[in-house]
Each structure stands twice: as structure tokens, then as C-alpha cells.
Amino acid sequence: MSVVIRDAWTRPDGAARVATLFTETFGQEPDGIWSAPGRVNLIGEHTDYNGGLALPIALPHRTYAALRRRDDDQVRLISAQEESQRSVDLAEAGPVGTLGEVDGWPAYVVGVAWAMRQAGYPVAGFDIAIDSCVPYGAGLSSSAALSGSAGVGLTDLFGLDLDREQLVRFCIAAENQMAGAPTGGMDQSASLRCQPGYALLLDNRDHSVQQIHFDLAARDFRLLVIDTKAPHALVDGQYAARRQTCHEAAQQLGVEYLADITDLDEALARLTDPVAQSRVRHVVTEIARTRQVAELLQKDADLAEVGRLFTESHISLRDDYEVSCPELDCAVEEALRAGAVGARMTGGGFGGSAIALVPATTVGEVMDGVVQAFAARGFAAPEFLVVEASAPGGRDA
Ligand code: GLA
């Protein structure tokens, strides 16, 4: 059993690939190339739609977009990951469930342009080519990388005066309204607002952010991402069901968001449904853990403490929030056994990826251990990314 590591493309390489795809498809040069990263969340899971804190970093793995302006309202799209070209009339496009519904991945691109137009920005048609080294379906926000790359591209292409917070809102609208995935907004903020060398402490109540220094290499540690290859889908009902339970619990407790709870014991005593109690316990304790991790990182504290909180987060997601799966649990247990100081599932769950905080010298052992454990359990072979906090969406050429 061999270890497969998915390296990111360099930015010049990614830009060159997508430029070639554009020119071969549309027979003209693009006006420019832009890209945006996937993300991993260090901690603060299922807190975004509860008004709480999250702490993601941008991945070095990015989605690249080559764009050219058009004078009409047509959007022509090609992706290196798909066979055929697509075409959508921007004037006709509309949310999921309406006549203008856009099928599949183009919704994440057309949706951004649609949201910009809805808000009164002068966006017309465009040709766009996409290529990406963000693993797809791995819980690493390939969808936010897609909408983010289109978003930064459209902003420049049409000369829009937008700050990052506004652009994030348009990308969220694309995902929630056009693609119909009821996600909470952390991914789009991570892709567009993270900085290299920093984790983004995101307060999902007011969208304020704080950059938290995060340079593991300087401390001889690595962040290992384990793509379990277990399929996951956010458009399915489980995510929406968690969100709904949280919303109802907040209503019952008379707060706007679960993040407003100040006395957990008192809140739990007032909730009668044991499922709601578990969900609320996860959200409130997870927000506290996220705050603690941010404080520990700011103090350059012992990373073993940070790791302990990662592992507590996993247990809470597994037992109280019930969004883990056998592959994620196995990845976490094996990473810890092989020398990680902490590990947890990351992202929405039900498959996707886990992260492990690992001393640099132990990374090989952890990867070997996970590969062997997966083989012994009959799981698909996992893949690995060794990542550092990278740059947000921006222009490449
Ligand atoms: C997915 C969603 C995010 C967030 C996470 C869980 O990644 O897209 O909005 O809710 O799950 O933290």
C-alpha cells in the first residue's frame, strides 16, 4: 500500500493550464486569469450558521479561472474536469426551483454574476475556463474555490467597487440560492479573506475577522490533511437537518443564535429533546474551543494543547453532533496512535477529510499508519495533503 500525496500546482502552472484551456476552447486570449483556494477549517465546525466562531486557513490548492468579457448576456463555460462546454443566458438565470435554474457546477459561477446583478452591479456575459487542483468532494471547499475564482475575476473584469465582505456575500448567494446548498458561509470567507501564514478567526455573527499567526513549519510541525475518499454531499438532507435543529433550539431558548447562549447547563435544562441537547452542547463547547485555540496560537503556546482541543472537537462532532463516519473516525484514531498531537474531522462531515497536527518528523509514520489502517478495514485508499496557510483569491495574470 503506497502513500499518495496530492501536491498543489504552482500558481504560474495553474494559470498556464487554464489559459491554454480557454484559448483552445474559445479561440481567443482571455482578458485575465484569477484563482481562489480551497480551505481547511482548523476548528469551529458547524458554528457558522449558529453565529459562532470558526478558524479556517486557505489551502495552497486553488481553482483557476480564465475570463473574457462579452457584450451580450451569454455565459459560456468550460471546465477541464468536464467533457462538454456549457452555455447559460445570464438574463434568464435564476435560483434553484425556478425556471432559470442552472444545473450542476455552472451554478457556482453564474450564481455569482447573478447575485452581483441582483444587487445592481453592471455585470454582463463572459466566457470562462476553469481548472483546479482542489480535490473534489473531499470537504475542502472546491465549491467556494470555484465561486471565489469567478468572483474575483468578475470584480476585476467589470471594474466593480467591492470589498471582500461584499464579494463573500455574492459567493454565498450563489451557493445557497443558485446551487441550493444551505451552507453557512465559512468556506467563502476562508477562500477570499484568509492570508498566507495566518488562520482566519471568523466571527459569523457580524462577519468580522482577525488574522491569527499560524506558521507550523517554524515550530517543526505540519498540518496533514487526510482525504478519506468517503463520499460526502452537502446538498443532502443531513446538513439541512442539523441546521434546522439548531434554529429550532435557538427559538425555544429565545436567542437569535446558539452562539448567544451564556449558560450551557441552564440551556440544556430547558431543552427537553435529547437530540437538541446534544446538538446545542456541541455548538456551545465548539465555540469555546475555537476561542481557546485562537488564544493559544496567539500566545505561541504548546501545540499539544491545541491538538488536545482538536481531538475534543472531533469527539464532540462524532458523539454530540453525529456528523462523523467510520472512515473519519479511523483516520483520527490512527493519526493519534501514530504520533499526531491532535486530529479531527474538518468541514461538514459525513465523509470528506480529517486534519492532524503532527510533529514534522512523524508525518511519514502517520501517513503509513492511516494507509494501513484503511486497508485493514477495507476502506478506499486515502490521499494526503501537507498544507500551510496560503493566499486568498486574487489575480494571477
Ligand atoms: C460545510 C459548510 C460550512 C460549514 C461547515 C461545517 O463546509 O459549507 O458553511 O457549516 O460545513 O463547519
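Just so it is clear, the structure is predicted and the values come from calculations on it, not from any experiment.

Definitions and cut-offs
Per chain, the residues get numbers from 1 upward, laid out in the order the sequence is written. Given that the model is predicted, a residue must reach a pLDDT of at least 70 before its local features are reported, and side-chain atom pairs must reach 80 or more before they are shown or counted; all residues, however, enter totals for whole chains, interfaces and linings. Hydrogen atoms and water are omitted, and side-chain values are computed over all heavy atoms in the structure. Only heavy atoms are used to decide nearness, and a residue is near a molecule or strand if one of them lies within 4 Å of it. We call two N or O atoms a polar contact when they sit within 3.5 Å, provided that within protein one can donate a hydrogen and the other can accept it, with sequence-adjacent residues counted only if both atoms are side-chain atoms. Only the protein chains shown count as cover for residues, and all accessible areas are computed by the Shrake-Rupley method using a 1.4 Å probe. Gly is placed with the polar residues, together with every amino acid not listed as nonpolar (Ala, Val, Leu, Ile, Met, Phe, Trp, Tyr, Cys and Pro) or charged (Asp, Glu, Lys and Arg). Take the buried residues of types Ala, Val, Leu, Ile, Met, Phe, Trp, Tyr and Cys, join any two whose side-chain atoms come within 4.5 Å, and each joined set is a nonpolar core. Partly exposed describes any residue whose relative accessible area lies between the buried limit of under 20% and the exposed limit of over 50%, with all areas from a 1.4 Å probe on protein chains only and scaled to the type maximum. Starting at the N terminus, helices and strands are each numbered in turn, a helix being any DSSP run of H or I of at least four residues and a strand any DSSP run of E of at least two. Throughout, a contact is declared for two residues whenever any of their heavy atoms are within 4.5 Å. UniProt positions are given in the numbering used here, feature names are shortened, and annotations may be inferred rather than shown by experiment. Positive charge is attributed to Lys and Arg, negative charge to Asp and Glu, and no charge count is given to His or to the chain ends. One speaks of a salt bridge when a side-chain nitrogen belonging to Lys or Arg is within 4 Å of a carboxyl oxygen belonging to Asp or Glu. Should DSSP find at least two bridges between two strands, the strands are regarded as paired. Each axis is a line fitted through C-alpha atoms, and for a helix only the stretch in contact is used; angles between axes span 0 to 180 degrees, taken between their N-to-C directions. Expected helix span is given by 1.5 Å per residue-to-residue step, counting one fewer step than there are residues. Any two rings among Phe, Tyr and Trp, with Trp reduced to its six-membered ring, count as a pair given centres within 6.5 Å; such a pair is stacked if its planes are under 30 degrees apart, edge-to-face if over 60, and tilted if neither.

Engineer: Just checking my understanding: could you explain the site of the ligand for this structure?
Structural biologist: Around the ligand, a shell composed of 14 residues is seen, among which Glu45, His46, Asp48, Asp187 and Tyr239 lie nearest. Contact distances for the ligand include 2.8 Å between an oxygen atom and a backbone N or O atom of Gly184. In this structure, an oxygen atom belonging to the ligand sits 2.5 Å away from a side-chain N or O atom of Asp187. Within the complex, 99% of the 300 Å² of free accessible area of the ligand lies under protein. The class makeup of the residues in the shell around the ligand is 4 nonpolar, 6 polar and 4 charged.

Engineer: What's the story with the nonpolar core in this structure? I'm lost.
Structural biologist: Most often, soluble globular proteins keep nonpolar side chains buried together rather than apart. Residues Val40, Leu55, Ile57, Leu224 and Val280 are the most contacted members of the largest nonpolar core, which totals 78 residues. Looking at this core element by element, the count peaks at 8 residues for helix α8 (residues 274-298). Residues within four places of Val280 in sequence aside, it is in contact with Ala249, Leu258, Ile261, Leu264, Leu268 and Leu271.

Engineer: How do you make sense of the UniProt feature "domain: GHMP kinase N-terminal" (unreviewed entry) in the protein when you look at a structure like this?
Structural biologist: As recorded in UniProt, the feature "domain: GHMP kinase N-terminal" (unreviewed entry) lies at residues 108-192. Split by type, residues 108-192 is 58% helix and 8% strand. Its first and last C-alpha atoms lie 15 Å apart.

Engineer: Help me understand the side chain of Asp131, please; the structure alone is not making it clear to me.
Structural biologist: Within the element layout of this structure, Asp131 appears in strand β6 (residues 126-132). Among buried charged residues, Asp131 stands out as having no salt bridge; its nearest opposite-charge side chain is Arg17, 4.5 Å away. Among the polar contacts made by the side chain of Asp131, one reaches the side chain of Gln81 at a distance of 2.9 Å. In contact with Asp131, other than residues within four places in its own chain, are Trp9, Arg17, Val18, Arg62, Thr63, Tyr64, Ala80 and Gln81.

Engineer: Honestly, the sheet that holds strand β1 (residues 32-41) in this entry has me stumped. Any pointers?
Structural biologist: Strand pairing in a sheet relies on backbone hydrogen bonds. The paired strands run either parallel or antiparallel. Spatially, 6 strands are ordered β5-β4-β6-β3-β1-β13 in an open sheet, and the strand pairing comes out mixed. Each having just a single partner strand, β5 (86-89) and β13 (394-395) make up the two edges of the open sheet. In terms of strand pairing, strand β4 (residues 74-79) meets β5 through 4 bridges, oriented antiparallel. Looking at the pairing, Val75 lines up with Val88 of β5. In the packing of helix α1 (residues 11-26) onto the sheet, the strands contacted are β1, β3 (56-69), β4, β6 and β13, and the crossing angle to β6 comes to about 135°. Packing of helix α2 (residues 106-118) onto the sheet brings it into contact with β4, β5 and β6, and relative to β4 it is tilted by some 145°.

Engineer: What is the right way to read unusual backbone geometry from this model?
Structural biologist: The backbone of Ser141 sits at a positive phi, close to 60°, despite the residue not being glycine. Exposure remark for Ser141: the relative accessible area of 6% places this residue in the buried category. Unusually for a residue other than glycine, His207 sits at a positive phi of about 65°. For His207, a relative accessible area of 27% gives the class partly exposed.

Engineer: Just to check I follow, could you spell out α8 for this structure?
Structural biologist: The α-helix winds at 3.6 residues per turn, so residues separated by three or four positions along the chain end up facing the same way. Relative to the 36 Å expected for 25 residues at 1.5 Å per residue, α8 spans 36 Å between its end C-alpha atoms, a close match to the ideal helical length. For α8, the side-chain oxygen to backbone nitrogen distance between the N-cap and Val275 is 3.1 Å, and the N-cap itself is Asp273. Following α8 by one or two positions, Asp300 adopts a phi angle in the positive range, close to 55°.

Engineer: So what exactly am I meant to see when it comes to the packing of aromatic side chains here?
Structural biologist: The geometry of an aromatic ring pair is captured by two quantities: the separation of the ring centres and the angle between the planes. Taken as a whole and assessed by the stated rule, the structure comprises 5 aromatic pairs. On the basis of an interplanar angle of 70° and a centroid distance of 5.5 Å, the ring pair of Tyr49 and Tyr239 is categorised as edge-to-face. In this pair, Tyr49 sits in the loop between β1 and β2 (53-54) while Tyr239 sits in helix α6 (residues 237-253), placing the two residues 190 residues apart along the sequence. The exposure class assigned to Tyr49 is buried, which follows from its relative accessible area of 9%.

Engineer: Just checking my understanding: could you explain the pattern of salt bridges for this structure?
Structural biologist: If you walk through the whole model with that rule in mind, you get 24 salt bridges. For Glu383, the salt bridge goes to Lys229, with nearest N and O atoms at 3.5 Å. Here Glu383, found in strand β12 (residues 383-387), pairs with Lys229, found in the loop between β9 (221-227) and α6; they are 154 residues apart in sequence, far enough to count as distant. Residue Lys229 is classed as partly exposed on the basis of its relative accessible area, which comes to 34%. Within the structure, one salt-bridge network assembled from shared partners comprises Arg6, Asp227, Lys229 and Glu383.

Engineer: So what exactly am I meant to see when it comes to the pairing of β3 here?
Structural biologist: Each regular strand carries side chains that alternate between the two faces of the sheet. β3 sits mainly inside the fold: 11 of its 14 residues count as buried. Where β1 and β3 come together, 9 bridges link them in antiparallel fashion. Counted as the bridge partner of Arg39 is Ala58 from β3. By the bridge criterion, 7 bridges tie β3 to β6 in an arrangement that is antiparallel. The residue bridging Thr63 from the neighbouring strand is Ser132, located in β6.

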